[in-house]
Amino acid sequence: MAYQFDWSLVVSGQYGDWIVDGLVTTLKVSAISTVFSLALGTLVCVMRMSRVRPLVWFSLAFTEFFRNTPLLVQIFFWYFGSAAVLPESWNQWLYKQDFEFAAGVIALTVYTAAFIAEDLRSGIFAIPKTQLEASRACGLSFMQAMGYVILPQAFRIIIPPLISQFLNLIKNSSLVMTIGVMDLTYMARQIESYTFHGFESFTVATLIYLAISLVVSATIQVYNTRVLRMGR
Amino acid sequence: MKRLAAALSAILVLAMCVSPAFAGKLDDIKKKGVLVAGVKDSQPPFGYVDEQSKQIVGFEIDLMNALATKLGVKLEIKPVTSSTRIPMLTQGDIDIVAATMTHSRERDKTIDYSITYFLSQQKLLVKKSSGLTSIKDFAGKKIGSAKGSTSEQNAKKAQPAATIVSFETYPEAFLALKQGKVDAVTTDDAILLGIKNKDDKPEDYDLVGEAISAEPYGLGMVENDSKFRDAVNFALMEMWTTGEYQKIYDKWFGKDTKFYIPLTWTMELWP
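What comes next concerns the included structure.

In this section: the overall build of chain B. Counting secondary structure elements, chain B contains 10 helices and 12 strands. At 20 Å, chain B has a C-alpha radius of gyration in line with the 18 Å of a compact globule built from 271 residues. Projected onto its principal axes, the C-alpha coordinates of chain B cover approximately 60 × 55 × 40 Å. Taking all 271 residues of chain B together, the buried fraction comes to 51%. Across chain B, contacts joining residues at least 24 apart in sequence account for 69% of those joining residues at least 6 apart. Summed over its atoms, the accessible surface of chain B is roughly 12300 Å², and 54% of this surface lies on carbon and sulfur atoms. Counting 35 positive and 35 negative side-chain charges, chain B places the averaged centre of each group 4 Å from the other.

A few words on the overall build of chain A. Along its length, chain A carries 12 helices and zero strands. Each helix and strand of chain A, ordered N terminal to C terminal, gives the series α-α-α-α-α-α-α-α-α-α-α-α. With the principal axes as the frame, chain A shows a C-alpha extent of 75 × 50 × 25 Å. Counting the 232 residues in chain A, one finds 48% classified as buried. A sequence separation of at least 24 residues applies to 76% of the contacts in chain A between residues at least 6 apart. With an accessible surface of roughly 11200 Å², chain A has 69% of that area assigned to carbon and sulfur atoms.

Residue and element names in this part refer to chain A. In total, this model carries 33 aromatic pairs over all chains according to the counting rule given. Relative to Phe 62, the ring of Phe 58 lies with its centre 6.2 Å away and its plane at 35°, an arrangement referred to as tilted. Residue Phe 58 and its partner Phe 62 are located together in helix H3 (residues 53–67), separated by four residues, close to a single helical turn. Among the residues examined, Phe 58 registers a relative accessible area of 48% and is labelled partly exposed. We classify Phe 62 as buried; its relative accessible area is 11%.

Here we take up the interface of chain A and chain B. Tallying the contact residues gives 36 residues for chain A and 40 residues for chain B. Across the interface of chain A and chain B, roughly 3600 Å² is buried in total on both sides, 63% from carbon and sulfur atoms. Summed over the shared surface of chain A and chain B, the result is two salt bridges. Among the salt bridges present, the one from Lys 142 of chain B reaches Glu 100 of chain A, with a minimum N-O distance of 3.3 Å. Our count for the chain A to chain B interface comes out at 12 residue pairs in polar contact (both at pLDDT 80 or more). Sorting elements by how many residues they give to the side of chain A that touches chain B places helix H11 (residues 184–195) of chain A first, with seven residues.

The tally for this structure, following the rule as stated, stands at 14 salt bridges over all chains. Glu 168 of chain B is the partner of Arg 189 of chain A in a salt bridge, and the nearest nitrogen-oxygen pair spans 3.2 Å. Of the two residues, Arg 189 of chain A sits in helix H11 while Glu 168 of chain B sits in the loop between strand E9 (163–167) and helix H7 (170–178), which places them in two different chains. The partly exposed category is assigned to Glu 168 of chain B, whose relative accessible area is 23%. Ionic contacts of the salt-bridge type, sharing partners, join the residues Arg 48, Glu 118 and Arg 121 of chain A into one network.

All names here are of chain B. Pairing is antiparallel in the open sheet, where three strands are placed in the order E2-E3-E4. Of all the strands in the sheet, just strand E2 (42–43) and strand E4 (56–57) have a single pairing partner and so form its edges. Summarising the sheet, E2 and strand E3 (residues 47–49) pair through two bridges and their orientation is antiparallel. Bridge pairing in E3 places Ser 42 opposite Tyr 48.

Residue and element names in this part refer to chain A. As for its placement among the helices and strands, Val 56 is situated in helix H3. A C-alpha to C-alpha distance of 45 Å links Val 56 and Thr 203, two positions 147 residues apart in sequence. The contact partners of Val 56, leaving out residues within four places of it in the chain, are Met 47, Arg 48 and Ser 50.

Quick look at the pairing of E9 of chain B now. The side chains of a regular strand alternate between both faces of the sheet. Residue and element names in this part refer to chain B. Among the five residues in E9, four count as buried, and that is most of the element. Relative to E9, strand E8 (residues 142–146) runs parallel, the two being bridged by five bridges. Across the sheet, Ala 146 pairs through a bridge with Phe 167, a residue of E9.

All names here are of chain B. The step from Pro 44 to Pro 45 runs through a cis peptide bond, and the omega angle for that step is 0°. Among the structural elements, Pro 45 can be located in the loop between E2 and E3. Phi at Asn 224 is positive, roughly 60°, even though this residue is not glycine. Position of Asn 224 relative to the elements: it lies in the loop between strand E12 (214–221) and helix H9 (226–242). Owing to a relative accessible area of 52%, Asn 224 belongs among the exposed residues under this scheme.

This brings us to the packing of helix H7 (residues 99–125) of chain A against helix H10 (residues 159–172) of chain A. Helix-helix packing: each pair is described by the crossing angle between the helix axes and the interaxial distance. All names here are of chain A. Their axes nearest at 10 Å, the elements H7 and H10 cross at an angle of 165°. Here H7 lies roughly antiparallel to H10, going by the angle between them. Judged by the twist between their axes, the crossing of H7 over H10 is right-handed. Between H7 and H10, the contacting residues are Leu 108, Tyr 111, Thr 112, Phe 115, Ile 116 and Asp 119 on the first element and Pro 161, Leu 162, Gln 165, Phe 166, Leu 169 and Asn 172 on the second.

Residue and element names in this part refer to chain A. On the surface, Ile 32, Val 35 and Phe 36 cluster together into a nonpolar patch covering about 270 Å² of accessible area. For Ile 32, the location among the structural elements is in helix H2 (residues 13–49). Exposure remark for Ile 32: the relative accessible area of 31% places this residue in the partly exposed category.

What counts, and where the lines are drawn
Residues numbered from 1 in each chain as written. Chains lettered and ligands numbered in written order. Predicted model: local features only at pLDDT ≥ 70, side-chain atom pairs only at ≥ 80, totals over all residues. Heavy atoms only, no water. Helix = DSSP H or I, 4+ residues; strand = E, 2+ residues; numbered from the N terminus. Rg over C-alpha atoms; globule rule 2.2 N^0.38 Å. Buried < 20%, exposed > 50% of the residue type's maximum accessible area, 1.4 Å probe, protein only. Contact = heavy atoms within 4.5 Å. Areas by Shrake-Rupley, 256 points an atom, 1.4 Å probe, with all protein chains shown as cover. Lys, Arg positive; Asp, Glu negative; His and termini not counted. Charge placed at Lys NZ, Arg CZ, Asp CG, Glu CD. Phe/Tyr/Trp six-rings, centres within 6.5 Å; stacked < 30°, edge-to-face > 60°. Buried area = accessible area lost by both parts, 1.4 Å probe. Salt bridge = Lys/Arg side-chain N within 4 Å of Asp/Glu carboxyl O. Polar contact = N/O pair within 3.5 Å; in protein donor to acceptor, adjacent residues only side chain to side chain. Pairing = 2+ DSSP bridges. Axes fitted to C-alpha atoms, helices over the stretch in contact; angles between N-to-C directions. Parallel < 35°, antiparallel > 145°, perpendicular 65-115°, else oblique. Left-handed = near helix turned anticlockwise from the far one by under 90°. Patch = residues over 30% accessible without salt bridge, like charges linked within 9 Å, V, L, I, M, F, W, Y side chains within 5 Å.

Bear in mind that shape data such as this cannot, by itself, settle questions of function.
As structure tokens, this is what we get:
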């Protein structure tokens, strides 16, 4: 009567392949979203630091809105909401593509970017204000001062919180399964529904997430201590 | 890492061992005087919350009621979802699962099933205006389904050139169909009828296609308790032969209902 464990089921054969497929999708979603969110987060932060009022307002609204609404709602918004916002012909074209994947990436990117922007802002505040003033006095434009002087230092400071954001992104990526992206969690669920061996499939999925997170965090940490901190 | 994995699996094994001592479910139920059945609460007409009475009603609830009466006990229902029904059953929170659960060989390895109490067929729900009528038309198209169902693989098998997109629940899959994100929603015909008839304009949608697969529903019970399984099977057969089953069926799937599906199959009756 007790539950019979069957680990071979999830690590080999057809269901093992499902797990691998799911893992690849999870890594793809996470990697693409990480790159985009870092870029978007930086952009939003720089806008916030600029003196141009509309840009400041926009970035403020962006951060507060996307930081303070549930990610799941945002995923549904990007996926189901496009129909109301975009022209019908665009939608028709979009739906023919891998729109599920795209909507998932957009949602994760925008959500994480809002957090990264705030982290980066606090990193910038940790750098003496006089540096910006000095750079401007040297004749650098605002963008040049940001790009050459402020941001490179700020990024070093915020590496620990940035790691957290990346790890959150990887874990949050499991939510994209709600719009039909076949990621790792999705596959674990699918195996559960086909075989009713949920304990095995979810344990394997959990261990894989744990492994990815540990690898990512260790890699950045090593990069941080060995490479970036050398000159300090 | 290794220690962590060991600790994790130890917790899991412990959790599994806590399941109640094995005394035979049938005796347990008779002693308690209650049959606890796990049913769906959002799957008309199998099990759903009635808008007026706020009670969970449906075909499977009536069937469970009849079963409880046959066993001489009272019925208690607990709502389950596709993902909670098996853990709840193996942990002993519920005695039996009646939740539109397709019987498959793979699933039978984990739990035991009763004989088939409802035979559904998997079909396609499409927009009438789309002109799609057969699974053959779906090469290069997107088909939506819901997770926790067996429809995804079946559809993939019937039309390898289609993309299957699985959603969290059927209402979301239907919304995707409405918006044109998918070209069809596929699952069991009885469930599709439920979705279609809940819409404001049911006439805009059509159930089409040859049956992609047969979906025999069975009642789920814990593995290796043949006494209880026998009692349930015999009760089901008795309901069929006495006409009690037909009565319950007609109430939910008969000609006058929104979910009309003719009763075309016969229950497996042991001599």
